[in-house]
Amino acid sequence: MFGLKGTAATISPLPPARCTALSVLFLIVAFILGSASVRGPHQWSRFWGIRPLFDPSNQNRIETQPPLPPSSYLKNARVQQLKNLHAHRDAPGSVADTTAVVLNWSRFQNVQRIASLLCGSNLNAIVKHVVVWNNNPQSLVYADFLPTTCSEEKLQIVNSPENLYFHARFLACAQSSTAYCFTQDDDYLVLPEIIETLHARITALERPSALHLLPPHERLSSDLRAVYSSNGTLHTSFAWLGHGTMMTRSLASEFLSLLQLMDATDDELKMADNYFAILRNTPPEIWFDQGIELGGGQAFTVGLEGHERNKKHILRACYYLDSLLSCDGTDCGKKMTDRNIPFISPSSETGTPKQTLDLAACFGRPCLFETTIPLLPESIVHSRDRAQDLLALEEDNLRALGEDNKIHYLSYPPSFAVDGRPDTAFRSFQNAVQDNAITLDMLRDVCVGHSHIQIALLVDGATEGILRACTFQTSIDGDSWNTLRDELTCVHVDMTGDQILECSVGADGSGLGPSGQGARYFRAILTEDKEAKWAVYEMWVRGYED
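Residues numbered from 1 in each chain as written. Predicted model: local features only at pLDDT ≥ 70, side-chain atom pairs only at ≥ 80, totals over all residues. Heavy atoms only, no water.

A look at the overall build of the chain
Helix and strand counts for the chain stand at 14 helices and 21 strands. The 546 residues of the chain split such that 57% are buried. Sequence-distant contacts in the chain: of pairs separated by 6 or more residues, those separated by 24 or more amount to 82%. About 23,100 Å² of surface is accessible on the chain, with carbon and sulfur atoms providing 50% of the total. (Helix = DSSP H or I, 4+ residues; strand = E, 2+ residues; numbered from the N terminus. Buried < 20%, exposed > 50% of the residue type's maximum accessible area, 1.4 Å probe, protein only. Contact = heavy atoms within 4.5 Å. Areas by Shrake-Rupley, 256 points an atom, 1.4 Å probe, with all protein chains shown as cover.)

This is the structure we're talking about:
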């Protein structure tokens with residue numbers, strides 16, 4: 001432990017309690033009923049004032065949709081022989097190196113469902129332990145999880161002596177034996193393929209990191225709050241962790257050490273989520289998620305009181321960061337010198353950071369959609385010299401953004417290009433310009449065992465014109481790119497509503513690099529400006545098996 005305020009129960013598997021056959025039957029029935037539907041409407045906060053993007057008719061989609069999106073939306077028999085490609089999962093002998101942490105308060109049926117997913121065979125090569133941190137005063141035992149797929153060896157239950165709120169997730173991670181942690185709240189479902197993608201990304205990074213999944217409205221808030229000082233000292237924003245976050249265990253330990261050095265109060269520890277990304281002082285890496293809400297129970301942040309509490313602690317985190325960044329080792333006390341302040345990232349180059357990729361996790365297969373297409377207009381600014389201006393900056397940027405651009409951002413996010421649905425699309429808010437790019441990172445080489453590979457896209461007529469001005473490329477490492485020589489072909493798809501085309505370009509030998517080294521990344525990059533806007537309904541990679 002770290003000598004922090006508040007005591008956590010020791011993490012250890014609990015033995016099964018005795019239970020009758022009738023009680024087990026009751027738990028199984030309750031679990032099944034509670035799992036009947038998962039994708040509910042987005043519950044936008046009052047701040048955004050936006051209607052839900054999904055209606056209740058979509059709630060059963062996760063249960064009824066095939067594991068992989070179709071290889072083609074055409075009726076052509078030859079095209080139907082193609083296979084939607086995805087990376088092979090880690091070999092069964094791989095050593096799991098991640099602890100999954102779920103907080104339980106008032107949605108226990110959700111926790112059962114989440115734990116069952118995390119304990120499933122799809123994640124055996126990644127998740128070593130599933131920790132259910134029970135903040136509820138009613139104790140849990142292993143028998144409560146008999147309807148799930150969790151074994152006694154994998155499941156670890158912590159009955160907390162008091163409700164530690166969000167502090168608990170960092171304690172559980174820091175006390176784990178694995179190099180990485182995945183954490184989420186009990187009102188959201190994160191699919192195995194998305195966890196696999198998060199894991200592939202964080203294990204490739206060479207620094208302590210955190211990757212956040214956020215729905216579009218929360219991602220927009222984080223974007224508008226990003227603040228950078230002219231001298232390069234301040235470069236931070238805010239991001240929630242409850243929608244799903246993968247982090248290195250060392251980062252959680254450093255964060256707890258910083259809170260201890262700060263003499264954080266009990267209330268501040270409990271609201272640790274509000275401090276984490278801000279105090280890190282580096283722009284958080286945020287992915288658009290696939291928005292699967294479970295709902296139910298009693299939400300923690302409700303109404304004006306909840307929003308005011310969040311605002312109070314966010315501003316408190318900003319105050320701490322400003323104070324720590326101005327600390328010169330003299331007026332901050334002996335323990336707060338530049339050389340021993342943990343967690344906070346050091347200064348960077350002056351000015352606003354260079355443009356970064358916008359990322360979205362794929363639905364149905366492990367992959368990552370990346371784009372350089374701007375999501376926000378140039379009127380959005382980030383220059384401030386104090387972190388405490390973060391919320392005021394968000395308000396200013398929201399006014400500069402305007403209602404139409406806000407609705408567009410929320411209605412057509414990049415995640416819609418890889419959600420397996422031909423009725424949703426990622427759309428740009430402005431015309432396509434040179435060097436716009438859309439890329440699929442398939443995590444590993446997907447060409448093994450396939451004699452013919454294609455990049456496939458579902459687009460509208462205007463985007464077909466954009467694609468015909470694109471260069472299509474593949475890469476094994478994301479640095480060296482091989483240009484495809486095949487021509488783009490597009491065919492109208494018989495769908496109700498918009499005029500949609502299925503476009504594809506073959507990779508084959510010409511796109512797999514010298515010596516047939518294979519391909520992991522597949523991209524289209526625009527070579528000239530176009531008087532048209534992007535609309536990508538789906539993007540995927542497919543091929544014939546040898």
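Side note on the pairing of strand 19 (residues 500–506)
With 7 of 7 residues buried, strand 19 lies mostly within the body of the structure. Here 5 bridges tie strand 18 (residues 489–493) to strand 19, and the two strands are oriented antiparallel to one another. Among the inter-strand pairings, Val491 is bridged to a residue of strand 19, identified as Glu502. (Pairing = 2+ DSSP bridges.)

Here's the deal with the state of the cysteines
For the structure shown, the criterion picks out 4 disulfides. Each sulfur in the disulfide pair Cys362 and Cys367 lies 2.1 Å from the other. One disulfide, between Cys362 and Cys367, carries an S-S torsion of -115° and so falls in the left-handed class. As far as burial versus exposure is concerned, Cys362 and Cys367 are alike and both buried. (Disulfide = S-S within 2.5 Å.)

Details of helix 10 (residues 273–280)
Counting buried residues in helix 10 gives 8 out of 8 residues, a clear majority hidden from the surface. Of the positions making up helix 10, those classed as buried are Asp273, Asn274, Tyr275, Phe276, Ala277, Ile278, Leu279 and Arg280. Positioned one or two residues after helix 10, Asn281 has a phi angle of 60°, which is positive.

A closer look at the pattern of salt bridges
On inspection of all chains with the given rule, the structure shows 19 salt bridges. Salt-bridge contacts for Asp273 lead to Arg169; the nearest nitrogen and oxygen are separated by 2.9 Å. Linking Asp273 in helix 10 with Arg169 in helix 5 (residues 167–174), this pair joins segments that are 104 residues apart in sequence. For Arg520, the salt bridge is made with Asp441, and the minimal N-O distance between the two is 2.7 Å. Of this pair, Arg520 sits in the loop between strand 19 and strand 20 (521–526) while Asp441 sits in strand 14 (residues 437–441), and the two are 79 residues apart along the sequence. If you follow the salt bridges from partner to partner, you end up with Arg107, Asp186 and Asp187 in one network. (Salt bridge = Lys/Arg side-chain N within 4 Å of Asp/Glu carboxyl O.)

Regarding helix 12 (residues 390–401)
Between the first and last C-alpha of helix 12 there are 16 Å, a value that for 12 residues agrees with the 16 Å anticipated at 1.5 Å per step. Along helix 12, the residues classified as buried are Leu390, Leu391, Leu393, Glu394, Asn397, Leu398 and Leu401. Buried residues along helix 12 cover an arc of 150° about the axis, so they all sit on one side. Next to the buried residues of helix 12 lie helix 7 (216–225), strand 7 (227–228), helix 11 (303–325) and helix 13 (403–411). Just downstream of helix 12, Gly402 is the residue with a positive phi angle, here 85°. (Expected span 1.5 Å × (residues − 1). Arc of directions from axis to C-beta.)

What to know about the packing of helix 5 against helix 8 (residues 249–261)
Closest axis-to-axis distance for the helix 5/helix 8 pair is 8 Å, and the angle between their directions is 125°. In terms of their interaxial angle, helix 5 and helix 8 are classed as oblique. In the packing of helix 5 onto helix 8, the handedness of the crossing is left-handed. Of the residues in helix 8, those in contact with His167, Phe170, Leu171, Cys173 and Ala174 of helix 5 are Arg249, Ala252, Ser253, Phe255 and Leu256. Grouping the constituent residues of the contact of helix 5 with helix 8 by class yields 7 nonpolar, 2 polar and 1 charged. (Axes fitted to C-alpha atoms, helices over the stretch in contact; angles between N-to-C directions. Parallel < 35°, antiparallel > 145°, perpendicular 65-115°, else oblique. Left-handed = near helix turned anticlockwise from the far one by under 90°. Nonpolar A, V, L, I, M, F, W, Y, C, P; charged D, E, K, R; others polar.)

Observations regarding unusual backbone geometry
For Asp263, which is not glycine, the phi dihedral falls at a positive 55°. Inspection of the secondary structure puts Asp263 in the loop between helix 8 and helix 9 (266–270). Despite not being glycine, Asp435 has its phi angle at roughly 80°, a positive value. Structurally, Asp435 is set in the loop between strand 13 (426–431) and strand 14.

Here's the deal with the packing of aromatic side chains
Under the defined criterion, the tally for this structure stands at 13 aromatic pairs. Their ring planes at 90° and their centres at 4.7 Å tell us that Phe238 and Trp240 sit as a pair that is edge-to-face. For the residue pair Phe238 and Trp240, the accessibility class agrees, reading buried in each case. Between the aromatic rings of Phe369 and Phe426, the centroid separation amounts to 6.0 Å while the plane-to-plane angle is 75°, which identifies the pairing as edge-to-face. Taken together, the positions of Phe369 in strand 12 (residues 368–371) and Phe426 in strand 13 put the pair 57 residues apart, joining distant regions of the chain. You can call Phe369 buried: its relative accessible area is 0%. For Phe426, a relative accessible area of 0% puts it in the buried group. What links up through ring pairs into an aromatic cluster is the set Phe170, Phe255, Phe276 and Phe343. It is Arg280 that lies over the ring of Phe343; its NZ or CZ is 5.5 Å from the centre. Against the face of Tyr412 rests Arg427, its NZ or CZ located 5.3 Å from the ring centre. (Phe/Tyr/Trp six-rings, centres within 6.5 Å; stacked < 30°, edge-to-face > 60°. Lys NZ or Arg CZ within 6 Å of the ring centre and 35° of its normal.)

Observations concerning the confidence of the model for the chain
Overall, the predicted model of the chain reaches an average pLDDT of 84, with 79% of residues at or above 70. Of the regions scoring below 50 in pLDDT, residues 1–61 engages in 139 contacts with residues more than four places distant in sequence or in other chains. (pLDDT = per-residue confidence, 0-100.)

Topic: the pairing of strand 9 (residues 245–248)
Neither face of strand 9 is exposed, since Thr245 and Met247 on one face and Met246 and Thr248 on the opposite face are all buried. Two elements, strand 5 (residues 180–184) and strand 9, share 4 bridges in a ladder whose sense is antiparallel. Bridged to Thr183 within strand 9 is Thr245. Bridging between strand 6 (residues 210–214) and strand 9 involves 3 bridges; their strand directions are antiparallel. Residue pairing in the sheet places His212 in a bridge with Thr245 of strand 9.

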